[in-house]
Amino acid sequence: MALISAEHISKDYQVGEMAVQALRDVSFEIEPASFVSFIGPSGSGKTTLLNLIGCLDKPTEGALTVAETDVATLDRKASAAFRGKTIGFIFQDFNLLPVLTVYENIEYPLLMVQKVPPEERRRRVTALLAAVGMADQKDKYPDQISGGQKQRVAIARALVTNPKLVLADEPTANLDHATAYMVLNLMKKMRDEFETTFIFSTHDQKIVGEAETIFTLEDGKINGVKTKGGNGNG
Amino acid sequence: MGNLFKIAIRNLLRYKRRTLLTASLITVGVVFVLAFVSISGSFKNMMIGQITDSMIGHLQVHRKGFVASIETLPLNLNLKGGAIGRLEKILNEQPEIEAYSPRVKFGGMFSNFTETSSIRLTAIDPEREFKSVPLLPERVMDGGKDLKPGGILIPELLSRGMKVKPGDAVVIVATNADGSVNGKQFTVTGVMESATGPGGRDGYIHMDDARELLRMEGQQVSEYAIRLKEFGSLTAFGEKLDGLLAKELNQQGKPLFEVHTWEKLSPFFNIARMIDLMTFFIKLMLIAIVLISIMNVMIMAVYERIREIGTIAAIGTLPGKILSMFVIEGFCMGVAGALIGDIVGIALVYILNLLKISYNFGQQKGIILQAGISTADILMISATVIIVSVIASLQPAFKASRMEPIEALRHV
């Protein structure tokens, strides 16, 4: 069964007097443990689509099911609870909390969102610190580490709750090429290890090839789907 | 909860200068209020002490109707024989009472053999009176303090105006309850300063002399002045005594006695209330300082951390927890301000007492300021600051908790 199923979803915005159609009749399915990329130029609807999948926004039309949940029906509190339990987020600007150390940033969702017992928290955080290669930096604050390291911490934070899905909006946009590859490879490694579905958006053609399934967006529509080992249309 | 406090404190320390300024503002407010409460409280207590301990007593019992006619000092409303016995029996049974003293009050004419003026006299049993109003002897500014039969303590006004000094002979002429006029010669024992101001015409004679002067048959008492062991129990005891005495009825089946606390007998109670009112407004100013400063800081904190709020909301932090984070920040700032303010305020009160600042009150000169602050006042002021801090944080915190993560994450 598909982890994500979108059927004819559209999203309209009102910008001042003007109505903007960010997504138009988009349908797709994403299987568990996939490594998926949405690509397209700025304004094509990548971020809007990720926001809908991430329960940060609701479609104007259509049905969107994530992990067997019709996310359009969730209220504010239920959306937050669903995100905390099911989805991990990686942001373009890393968005680590500056007052928390690397260790505490990774621990945050377990502590403040899921209320995991201390011993289990320690076990999971320590394992992820080792997995992303940040064990020796765990007591540093975000302003004491590099951009690549920050994104590694963000990946660990996204994975610490054992989510079914990790969404990454332009995760490599603020990184140099080598670091961007390193981050993507880390994401892929984490996917292999934890069987978590990774979906990321990018407009960087050089790293797109790292994805196993690529959805191309243009003017709010899926223009094509490319799967490693074959092509298709969405 | 501990983690929410940890995050809140770290966020406060993130903007050290701003936090320090706000906490300092609250501290200054708390210190100012503590100093004002302690000084005004000291002045109020001194004033109440002077009034109750040198003249009125903590409370008084009269025959019903006496206080309404107190201007004419009616002798026909004195308590007599059986009523006195019943009243003293009740008073003797009250463990709250330290001492009580019977008095006879009447008006008369004071003559130095060449001039005559009016005088208000209180006849007392000195030993019992000085236990009930222990500061009364302190009011004797010239001459002896020991009032014996045949002696009179005269007010400063008459001493000055009629050039009478201790040891001089004077005559008191008074009308008794039957309307006949009697006179008696006295020797001036001492000159007293007035407790009510320079116009006071109150003098004191011995109870035995009053009986002779007024030709009283049997024992008569105009009022009983009562001193309690604990002044703080005045209201409760006043109500208790009132209840007990309400059961004592006269032959017509109506209440025989009436109880009045000092508050109902002295105009100085209004000054005490004015001090309380001023203290209340000073506390209101503190509340305004805390409210505005904390709200300002918290609004800034929310505005500066919109993206962080978006991040924690996106990763699943519930709105209630986001609200708690910001409320706890305000709470911590309030606690810090109150705590430091309490410490500095107590130190300031201690220093004020060490300096032994003196001031004058009415006829009293060189009264040493004895600033004091009760634990209840400190706790009340601290609790007010902390509660107001939390209230001031609520609006910004609520705004933060209601932010749409998608919009917060877009914020630049």
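Definitions and limits used
Residue positions are given per chain, counting from 1 as you read along its sequence in written order. Both sets of labels track the order of writing: A upward for chains, 1 upward for ligands. Confidence filtering applies because this is a predicted model: local features only for residues at pLDDT of at least 70, side-chain atom pairs given and counted only at 80 or more, and all residues used for totals across whole chains, interfaces and linings. Runs of E in the DSSP output that reach at least two residues are strands. Runs of H or I that reach at least four are helices, and both are numbered from the N terminus. Throughout, a residue-residue contact means that the two C-beta atoms, derived from backbone geometry, are no farther apart than 7 Å. Only the C-alpha atoms count toward the radius of gyration. The rule for a globule is 2.2 Å times the residue count to the power 0.38. Counting other C-beta atoms within 10 Å of a residue's own tells you its class, since 20 or more makes it buried, 12 or fewer makes it exposed, and anything in between is partly exposed; those C-beta atoms are placed from the backbone. Gly falls in the polar group here, along with every residue not listed as nonpolar (Ala, Val, Leu, Ile, Met, Phe, Trp, Tyr, Cys, Pro) or charged (Asp, Glu, Lys, Arg). Where each domain starts and ends comes from a domain assignment, either automatic or drawn from a database.

Thoughts on the overall build of chain A
- Counting secondary structure elements, chain A contains seven helices and eleven strands.
- Restricting the contact set of chain A to residue pairs at least 6 apart, pairs at least 24 apart contribute 70%.

Things to note about the overall build of chain B
- Each helix and strand in chain B was counted, giving 13 helices and 14 strands.
- Expected size for 412 residues packed as a compact globule is a radius of gyration near 22 Å; at 31 Å, chain B overshoots this value by more than 25%.
- Taken along its principal axes, the extent of the C-alpha atoms in chain B is 100 × 50 × 30 Å.
- The buried share of chain B, taken over its 412 residues, is 39%.
- Across chain B, contacts joining residues at least 24 apart in sequence account for 82% of those joining residues at least 6 apart.

A closer look at the interface of chain A and chain B
- Tallying the contact residues gives 18 residues for chain A and 18 residues for chain B.
- Among the elements of the structure, helix H2 (76-86) and helix H3 (102-113) of chain A are those that each provide at least two residues to the side of chain A that touches chain B.
- It is H2(A) that provides the largest number of residues to the side of chain A that touches chain B, a total of six residues.
- Its residues assigned to classes, the side of chain A that touches chain B comprises eleven nonpolar, three polar and four charged.

Describing the domain arrangement of chain B
- Split into domains, chain B comes out as domain 1 (2-51 + 270-410) and domain 2 (65-255).
- Between the C-alpha centres of domain 1 of chain B and domain 2 of chain B there is a distance of 50 Å.

With respect to the environment of A:Asp219
Residues and elements named next belong to chain A.
- Structurally, the position occupied by Asp219 is in the loop between strand S9 (213-218) and strand S10 (221-227).
- Residue class for Asp219 comes out partly exposed when judged on the 14 C-beta atoms lying within 10 Å of it.
- C-alpha separation for the pair Asp219 and Leu128, spaced 91 residues apart in sequence, amounts to 38 Å.

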